[in-house]
Amino acid sequence: MKKILVIGAGGQIGSDLVPVLQKTFGFNNVISAGYQNDLPDHILNKGPYTYIDIRNKKQIEENIQKYNIDTIFNLASILSALAEKEYLLSYEVNFTGLINILEASKSNNVKQVMLVSSIAAFGSYTPKEMTPNDTIQNPNTIYGISKVFTELIGNYYSDKKGIDVRGIRLPGVISWKREPTAGTTDYAVDIFYKAILEKEYTCFLDKNTKLPMIYMPDAINALVNLLNAEKSQLKHKVDFNINSMSFTPKELAKSIKERIPDFKMLYKIDPLRQSIADSWPNSLDDNIAKEEWNWKAKYNINQMVDDMLYNLKLKLNK
Ligand code: AKB
């Protein structure tokens, strides 16, 4: 049985991933690591937890040793929009923090490390429609550069340092348990809160900006399936496209309006986030992930919108 350390357990993805891992591997085999006091109640109340700042390698090592960790998920990251404003912080967390995790893993016999890359790893020379898995990557954001670094350094530790490192390029992730912080695709989560609470949302991206998105249950399935995939079947490691749905703000607003008829969408473009979104793909070719570990998404936009509205209304008592 694996002993898994989830770093970034209090964030948008960690909050959903931890309960699934606990169910699969047992409560005592999943150690949730939050940054400072950011762990939510559903994690604090079940299973072991700790606090780790990935800029502190010693803290990572102490926890690996204390809990006999053999597998690590690193979900800690400064997302695209904040990273542009705080690029040195992003450098410490997304670059140095990652090296700390890989080095701590190497010195303490951690066998498997799971990382997340992003559609931000692509850039303006990358083909925009059905972006191939293996293609030109020339991001011009610090976040995107950190994700190319994640892929390359992960592949390097896998080839040369004997750790089984794996990872996927996540599209914008939509979920209701915890909100994302300071990303470019966050509008696709914010819109649901505002639609339920205020019946109106002002979107910071242009109505026709099409981006790849994924609903959280599919993102979690992808991470868990890749974790469990047969190693001999994997030719790629940290650089898998996964595709689910692509839509524009206008299309998402239409789907919400079909369910909340008095919902109104307004637009006030944020030039920073618009320029980031404009450098990302519209849709992804995920045939490599399908071939190497049978990836397949379940949710389309309408199923996602139904499920989001149902769960958020319960969460917000509406
Ligand atoms: C962001 O918008 O920064 C992230 C991402 C697509 O990696 N959600």
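Preceding this paragraph is the structure being described.
In this report, we go over the structure that sits alongside the text.

About the criteria used
Residues numbered from 1 in each chain as written. Predicted model: local features only at pLDDT ≥ 70, side-chain atom pairs only at ≥ 80, totals over all residues. Heavy atoms only, no water. Near = heavy atom within 4 Å. Polar contact = N/O pair within 3.5 Å; in protein donor to acceptor, adjacent residues only side chain to side chain. Areas by Shrake-Rupley, 256 points an atom, 1.4 Å probe, with all protein chains shown as cover. 1 Å grid on protein atoms, 1.4 Å probe; cavity = no way out; pocket = protein on both sides within 12 Å on 5 of 7 lines; lining within 4 Å. Sits in = over half its atoms within 2 Å of the grid points. Nonpolar A, V, L, I, M, F, W, Y, C, P; charged D, E, K, R; others polar. Buried < 20%, exposed > 50% of the residue type's maximum accessible area, 1.4 Å probe, protein only. Helix = DSSP H or I, 4+ residues; strand = E, 2+ residues; numbered from the N terminus. Pairing = 2+ DSSP bridges. Contact = heavy atoms within 4.5 Å. Salt bridge = Lys/Arg side-chain N within 4 Å of Asp/Glu carboxyl O. Patch = residues over 30% accessible without salt bridge, like charges linked within 9 Å, V, L, I, M, F, W, Y side chains within 5 Å. Points joined across faces, edges and corners; volume = space filled by probe spheres on them. Domains from an automatic or database assignment. Axes fitted to C-alpha atoms, helices over the stretch in contact; angles between N-to-C directions.

### Topic: the site of the ligand
Near the ligand, the surroundings consist of L79, S80, S118, I119, Y143, G183, T184, T185 and W280. With respect to the ligand, the side chain of S118 contributes an N or O atom lying 2.7 Å from an oxygen atom. In the complex, the protein chains occlude 93% of the 260 Å² of accessible area that the ligand would expose alone. The cavity that encloses the ligand is the largest pocket. The residue inventory of the shell around the ligand, partitioned by class, reads four nonpolar, five polar and no charged.

### Focus on the pairing of strand β2 (residues 30–34)
The side chains of a regular strand alternate, first on one face of the sheet and then on the other. Here β2 lies mainly inside the structure; five of its five residues are buried. Of the two faces of β2, both are covered, the one formed by V30, S32 and G34 as well as the one formed by I31 and A33. Where strand β1 (residues 4–7) meets β2, four bridges bridge the pair, whose relative direction is parallel. Within the sheet, the bridge partner assigned to L5 lies in β2 and is I31.

### Some remarks on the side chain of Q22
Following the sequence through the fold, Q22 ends up in helix α1 (residues 12–25). Apart from the residues lying within four places of it in its own chain, the contact partners of Q22 are F27, V30, K46 and G47.

### Considerations on the pattern of salt bridges
Scanning the entire structure with this criterion turns up twelve salt bridges. A salt bridge links D159 to K237; the nearest nitrogen and oxygen atoms lie 3.2 Å apart. With a gap of 78 residues between them, D159 in helix α6 (residues 142–160) and K237 in the loop between α8 (216–228) and β10 (240–241) connect regions that are remote in the sequence. Between R259 and E258 there is a salt bridge whose closest N-O contact spans 3.7 Å. Residue class for R259 comes out partly exposed when judged on its relative accessible area of 27%. By relative accessible area, E258 is classed as exposed at 52%. Connected through salt bridges with shared partners, the residues K254, E258, R259 and D306 form a single ionic network.

### Quick look at a nonpolar patch on the surface
A contiguous nonpolar patch, built from Y87, L88 and Y91 and spanning about 360 Å² of accessible area, is present on the exposed surface. Summarising the element assignment, Y87 is placed in helix α5 (residues 87–107). A residue is classified by how much of its surface remains accessible, and Y87, at 49% relative accessible area, is partly exposed.

### Digging into the layout of surface pockets
What the largest pocket holds in volume is close to 940 Å³. Along the wall of the largest pocket there are 43 residues; nearest its centre are L75, S77, I78, L79 and T181. Partitioning the lining of the largest pocket into residue classes produces 21 nonpolar, 15 polar and seven charged. Two domains each put at least three residues into the lining of the largest pocket: domain 1 (4–173 + 215–241) and domain 2 (174–212 + 244–282 + 299–315). As a volume, the second largest pocket reaches approximately 160 Å³. Along its surface, the second largest pocket is lined by D16, V20, S175, W176, K177, Y215, M216, P217, I220, D307 and N311.

### Description of the sheet that holds strand β9 (residues 211–215)
Overall, mixed pairing links the three strands, which are arranged β7-β9-β11 in an open sheet. Across the chains shown, the open sheet's two edge strands, defined by having one partner strand only, are β7 (172–174) and β11 (245–247). Strand-to-strand twist of the sheet, defined as the mean angle between neighbouring strand axes without regard to direction, takes the value 45°.

### Side note on the sheet that holds strand β6 (residues 164–170)
If you walk across this open sheet you meet the seven strands as β3-β2-β1-β4-β5-β6-β10, and the pairing is parallel. Two strands bound the open sheet, and with one partner strand each, they are β3 (49–51) and β10. Looking at chain direction, β6 and β10 are connected through two bridges and run parallel. Among the inter-strand pairings, I168 is bridged to a residue of β10, identified as F240.

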